[in-house]
Amino acid sequence: MAEDERIWTAALVVIGDEILSGRTQDRNVAQLATWLNVQGIRLAEVRVVADREDAIVEAVNTLRARNDYLFTTGGIGPTHDDITVDAIAAALGVPVAFHPDALATLEGYYATRGGLTDARRRMARVPEGASLIENRVSGAPGIRIGNVFIMAGVPHITAGMLDRLTGTLPGGRPVVSETIGCWVAESEVADLLRTTEKAHEGVAIGSYPFFREGRTGANFVVRSPDPDKVNACIAALTAALEAEGRQVTQGGI
């Protein structure tokens, strides 16, 4: 990777008391990170916040300022505690308004599902000036305003919204990765990993230890936007491990 090649970054704010209480296990971090990687954008940081306007405002304003993109998940449903839209509008200093296209979409979706109640109408509220992200799963759209993307908390609905955004965001080159595994304690090869990474500019090596079948091992993931550099580093790391008499498993253990 050229020294002056720009690294595009994104942050995620996961909103919801149910995440912090442990009642719900978040799956959107991994989903968003994987999707961003394909867009050539790095997920740089994640914050989990409660359903409190001050907490959401602080997180949104901090993270949108130091990243190219900010995504939020959760808190855009029909109930009184779904305050994400209001909080983000407050963070941006704009009022909340009903989006006519969102109202029309929801009216069509709920025409055969009991009609558009006042609670359901809440899902058409957006920070003024926002555009919509189509949601083919449950009708209620996601929202985009500036570099902020307001998404559903339910993972399969979020997935649909991300699909609609695919290819629409400026980014860098997608990061590629290759994995090898070895039955070795991570501490025994820490120096080898460090020197190998240092010798291959533009490449990062991640080490992921595990204990399995009564044995200690680790998988090593080599990442870079340049596939040739990944392949060269994998070859060098494999050779170095084998030179120490260790058996290397391509693809990881």
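Refer to the structure printed above.
The following refers to the structure shown. (Residues numbered from 1 in each chain as written. Predicted model: local features only at pLDDT ≥ 70, side-chain atom pairs only at ≥ 80, totals over all residues. Heavy atoms only, no water.)

1. Some words on the sheet that holds strand E3 (residues 69-73)
Strands sit in the order E2-E1-E3-E8-E7-E6 across an open sheet of six strands; the sheet is mixed. The sheet terminates laterally at strand E2 (41-49) and strand E6 (131-133), the two strands that pair on one side only. For this sheet, the mean angle separating the axes of adjacent strands, direction not counted, is 20°. Where strand E1 (residues 8-15) and E2 come together, eight bridges link them in parallel fashion. (Pairing = 2+ DSSP bridges. Helix = DSSP H or I, 4+ residues; strand = E, 2+ residues; numbered from the N terminus. Axes fitted to C-alpha atoms, helices over the stretch in contact; angles between N-to-C directions.)

2. Section: the nonpolar core
With 43 residues, the main nonpolar core has Trp-35, Ile-56, Tyr-69, Phe-71, Phe-149 and Met-151 as its most contacted residues. A per-element tally of this core places E1 first, with seven residues. In contact with Ile-56, not counting residues within four places along its chain, are Ile-15, Val-49, Ala-50, Ile-83, Ala-87 and Ile-88. In this structure, Val-184, Leu-193, Ile-205 and Ile-234 belong to the second largest nonpolar core, which totals 17 residues. (Core = buried A, V, L, I, M, F, W, Y, C linked by side-chain atoms within 4.5 Å. Buried < 20%, exposed > 50% of the residue type's maximum accessible area, 1.4 Å probe, protein only. Contact = heavy atoms within 4.5 Å.)

3. Overview of unusual backbone geometry
Unlike most non-glycine residues, Glu-213 shows phi in positive territory, near 55°. Note on Glu-213: relative accessible area 64%, which makes it exposed.

4. Notes on helix H4 (residues 84-92)
The complete set of buried residues in H4 reads Thr-84, Val-85, Ala-87, Ile-88, Ala-89 and Ala-91. Gly-93, located one to two residues past H4, shows a positive phi value of around 75°.

5. Quick word on the sheet that holds strand E10 (residues 204-212)
Strand order across the open sheet formed by four strands is E10-E11-E9-E12, with antiparallel pairing between neighbours. Each of the sheet's edge strands pairs with one partner strand only, and the pair in question is E10 and strand E12 (248-250). Here the average twist between neighbouring strands, direction ignored, is 25°. Seen against the sheet, helix H8 (residues 190-199) touches E10 and strand E11 (215-224) and runs at an angle of roughly 155° to E10. In the packing of helix H9 (residues 227-243) onto the sheet, the strands contacted are strand E9 (176-182), E10, E11 and E12, and the crossing angle to E9 comes to about 10°.

6. A word on the pairing of E10
Direction of pairing for E10 relative to E11: antiparallel, over a ladder of nine bridges. Each bridged residue has a counterpart across the sheet, and for Arg-212 the counterpart in E11 is Arg-215. Where E10 folds back onto E11 in an antiparallel hairpin, the turn is made up of two residues, including Glu-213, whose phi is positive at roughly 55°.

7. A closer look at the packing of helix H2 (residues 28-39) against helix H7 (residues 155-165)
Where H2 contacts H7, the two axes come as close as 10 Å, and the packing angle between them is 15°. With respect to H7, the element H2 is oriented roughly parallel. The handedness of the crossing between H2 and H7 is right-handed. From H2, Asn-28, Gln-31, Leu-32 and Trp-35 reach across to H7, where they touch Pro-155, Thr-158, Ala-159, Leu-162 and Leu-165. A breakdown of the residues in the contact of H2 with H7 according to their chemical character gives six nonpolar, three polar and no charged. (Parallel < 35°, antiparallel > 145°, perpendicular 65-115°, else oblique. Left-handed = near helix turned anticlockwise from the far one by under 90°. Nonpolar A, V, L, I, M, F, W, Y, C, P; charged D, E, K, R; others polar.)

8. Comments concerning empty space enclosed by the protein
For the coordinates displayed, the defined rule picks out two cavities of 30 Å³ or more. The calculated volume of the largest cavity comes to roughly 70 Å³. Looking at the largest cavity, the residues that line it are Gly-75, Ile-76, Gly-77, Asp-82, Val-85, Arg-122, Met-123, Arg-125, Pro-141 and Ile-143. In this structure, the second largest cavity encloses a volume near 30 Å³. Looking at the second largest cavity, the residues that line it are Leu-12, Asn-28, Leu-32, Phe-71, Thr-73, Met-151, Thr-158 and Leu-162. Considered class by class, the residues forming the lining of the second largest cavity number five nonpolar, three polar and no charged. (1 Å grid on protein atoms, 1.4 Å probe; cavity = no way out; pocket = protein on both sides within 12 Å on 5 of 7 lines; lining within 4 Å. Points joined across faces, edges and corners; volume = space filled by probe spheres on them.)

9. Overview of the packing of aromatic side chains
Using the criterion set out here, one finds six aromatic pairs in the structure. Judged by centre distance (6.1 Å) and plane angle (75°), the ring pair of Trp-35 and Phe-71 falls under edge-to-face. Within this pair, whereas Trp-35 is found in helix H2, its partner Phe-71 is found in strand E3, the two being separated by 36 residues in sequence. Like Phe-71, Trp-35 is buried. Look at Phe-71 and Phe-149: their rings are 4.8 Å apart centre to centre, the planes differ by 15°, and that puts the pair in the stacked class. In this pair, Phe-71 is assigned in strand E3 and Phe-149 in strand E8 (residues 148-151), connecting sequence segments 78 residues apart. By relative accessible area, which is 1% here, Phe-71 ends up buried. The ring of Trp-8 carries Arg-6 above its face, with NZ or CZ at 3.6 Å from the centroid. Here Arg-121 stacks its cationic end above the ring of Phe-98, 4.8 Å away from the centre of that ring. (Phe/Tyr/Trp six-rings, centres within 6.5 Å; stacked < 30°, edge-to-face > 60°. Lys NZ or Arg CZ within 6 Å of the ring centre and 35° of its normal.)

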